[in-house]
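What follows is the residue order along each chain.
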Amino acid sequence: RIRNKRIDLRLNNEPSLVTKTHNIIKKLQKNNINKLIIVDCCVDANPETVKEVEKFAKILVVDHHEICKDINSKRTVFIKPTLLDKKDDGAQYCASKFLFDLSPIDIEDLDWISAIGILGDMNQKRWKNFVNKVFKKYKLKQNKDIYKTTLGRITNLLDYACVLREAEAGFWKVYASIKPSELLKLTKEYSKIEKEINYWVGNYKKLAEHHGDLIFYEIEPK
């Protein structure tokens, strides 16, 4: 928004990796990236990689995981809730809410995206008032099970996108949406995952081994 243009490049971590890989560093260099923003990723667990990126880019890291190492430097700005308030362990201060609160410009119209991030990290207990405010603002129905609401449904649909290795596509669909209801169109796209989940959850009584209070359930989902 400050530059009045889309970001030049967006990259996902490879599945199951915590820190930025050398493969990603090559992609950054290939695309001539000289300013890198890393969000919700514990890159301080691998400070050597950060130093490698510092050779060609300035870095902003906004994360909420436990601090492994303070990597602040002349080339890197490193921010975690615990660094701002030692009493805040950060576990319940998910990155989407942390970024929303840190923003130097007005992004009130993106509050619903922050709320989805809160549900994705199961942080709604801490941010109950904020989430309720979002529900009211967009006239969304609430439910005792928050994952059976519009915001909860979108959270699940974006999870399905990640399962299908389509996080990139999911990101741009969120980026192009003005309000949460626009993302419900993803339901059809990712319904096959939902059907698979419902099958294994719905048939556990029939398919699992039951031994009193013990249940052994071996599954082979697609």
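For the structure itself, consult the block above.
Residues numbered from 1 in each chain as written. Predicted model: local features only at pLDDT ≥ 70, side-chain atom pairs only at ≥ 80, totals over all residues. Heavy atoms only, no water.

## Observations regarding the overall build of the protein chain
Within the protein chain, the regular secondary structure consists of 11 helices and 5 strands. Judged by the C-alpha coordinates and their principal axes, the protein chain covers about 60 × 40 × 40 Å. Counting the 222 residues in the protein chain, one finds 36% classified as buried. By sequence separation, contacts in the protein chain at least 24 residues apart represent 45% of the contacts at least 6 residues apart. Put simply, the protein chain shows about 14,800 Å² of open surface, and 54% of that area lies on carbon and sulfur atoms. Within the protein chain, one finds 41 positive and 31 negative side-chain charges whose respective centroids are separated by 6 Å. (Helix = DSSP H or I, 4+ residues; strand = E, 2+ residues; numbered from the N terminus. Buried < 20%, exposed > 50% of the residue type's maximum accessible area, 1.4 Å probe, protein only. Contact = heavy atoms within 4.5 Å. Areas by Shrake-Rupley, 256 points an atom, 1.4 Å probe, with all protein chains shown as cover. Lys, Arg positive; Asp, Glu negative; His and termini not counted. Charge placed at Lys NZ, Arg CZ, Asp CG, Glu CD.)

## Looking at the environment of His64
Residue position: His64 is located in the loop between β2 (58-62) and β3 (76-79). Owing to a relative accessible area of 6%, His64 belongs among the buried residues under this scheme. In sequence terms His64 and Cys41 are 23 residues apart; their C-alpha atoms lie 8.3 Å from each other. Discounting residues that sit within four places of it in the chain, His64 has contacts with Asp40, Pro81, Asp89, Gly90, Ala91, Tyr93, Cys94, Ala95 and Asp121. A polar contact of 3.3 Å, which involves the side chain of His64, links it to the side chain of Asp40. Within the structure, the side chain of His64 is placed 3.4 Å from the side chain of Asp121, a separation counted as a polar contact. (Polar contact = N/O pair within 3.5 Å; in protein donor to acceptor, adjacent residues only side chain to side chain.)

## What about the packing of aromatic side chains?
This model, assessed by the stated rule, comprises 8 aromatic pairs. Seen in terms of ring centroids, Phe171 and Tyr175 are 6.1 Å apart; in terms of plane orientation they differ by 40°. Their pairing is tilted. Taken together, the residues Phe171 and Tyr175, both in helix α8 (residues 167-175) and 4 residues apart, mark about one turn of the helix. Take Phe171: its relative accessible area is 26%, and that puts it in the partly exposed class. Here Tyr175 falls in the partly exposed class, since its relative accessible area comes to 41%. Plain terms: the ring middles of Trp200 and Tyr217 are 6.4 Å apart, the flat faces sit at 50° to each other, and that makes the pair tilted. Linking Trp200 in helix α10 (residues 191-202) with Tyr217 in the segment after β5 (214-216), this pair joins segments that are 17 residues apart in sequence. Classification of Trp200 as buried rests on a relative accessible area of 16%. What makes Tyr217 partly exposed here is its relative accessible area of 27%. Lying over the aromatic face of Tyr175, Arg6 brings its terminal NZ or CZ to 5.8 Å of the ring centre. Above the ring of Trp127, the side-chain terminus of Lys97 is found at 4.3 Å from the ring centroid. (Phe/Tyr/Trp six-rings, centres within 6.5 Å; stacked < 30°, edge-to-face > 60°. Lys NZ or Arg CZ within 6 Å of the ring centre and 35° of its normal.)

## Quick look at a nonpolar patch on the surface
Nonpolar side chains collect at one region of the surface, where Leu83, Leu84 and Leu102 lie side by side and expose about 260 Å² of accessible area between them. Here Leu83 shows up in helix α3 (residues 81-84). With relative accessibility at 37%, the residue Leu83 sits in the partly exposed group. (Patch = residues over 30% accessible without salt bridge, like charges linked within 9 Å, V, L, I, M, F, W, Y side chains within 5 Å. Salt bridge = Lys/Arg side-chain N within 4 Å of Asp/Glu carboxyl O.)

## What about the side chain of Glu196?
Looking at the element boundaries, Glu196 is found in helix α10. Despite its burial, Glu196 pairs with no opposite charge; the closest candidate is Lys222, at 4.3 Å N-O. Apart from residues lying up to four places away in sequence, Glu196 is in contact with Pro221 and Lys222.

## A short note on unusual backbone geometry
Of note in this structure, Asn32 is not a glycine but carries a positive phi near 55°. Position of Asn32 among the secondary structure elements: in the loop between α1 (22-30) and β1 (35-39). Classification of Asn32 by relative accessible area gives exposed; the value is 66%. Even without being a glycine, Lys139 presents a positive backbone phi close to 55°. Turning to its location among the elements, Lys139 is positioned in the loop between α6 (128-137) and α7 (150-163).

## Re the pairing of β1
Covered by surrounding structure in β1 are Leu36 and Ile38 only, the residues Lys35, Ile37 and Val39 on the alternate face being uncovered. When β1 meets β2, the two strands line up parallel, connected through 5 bridges. Bridge assignment links Leu36 to a residue of β2, and that residue is Ile59. (Pairing = 2+ DSSP bridges.)

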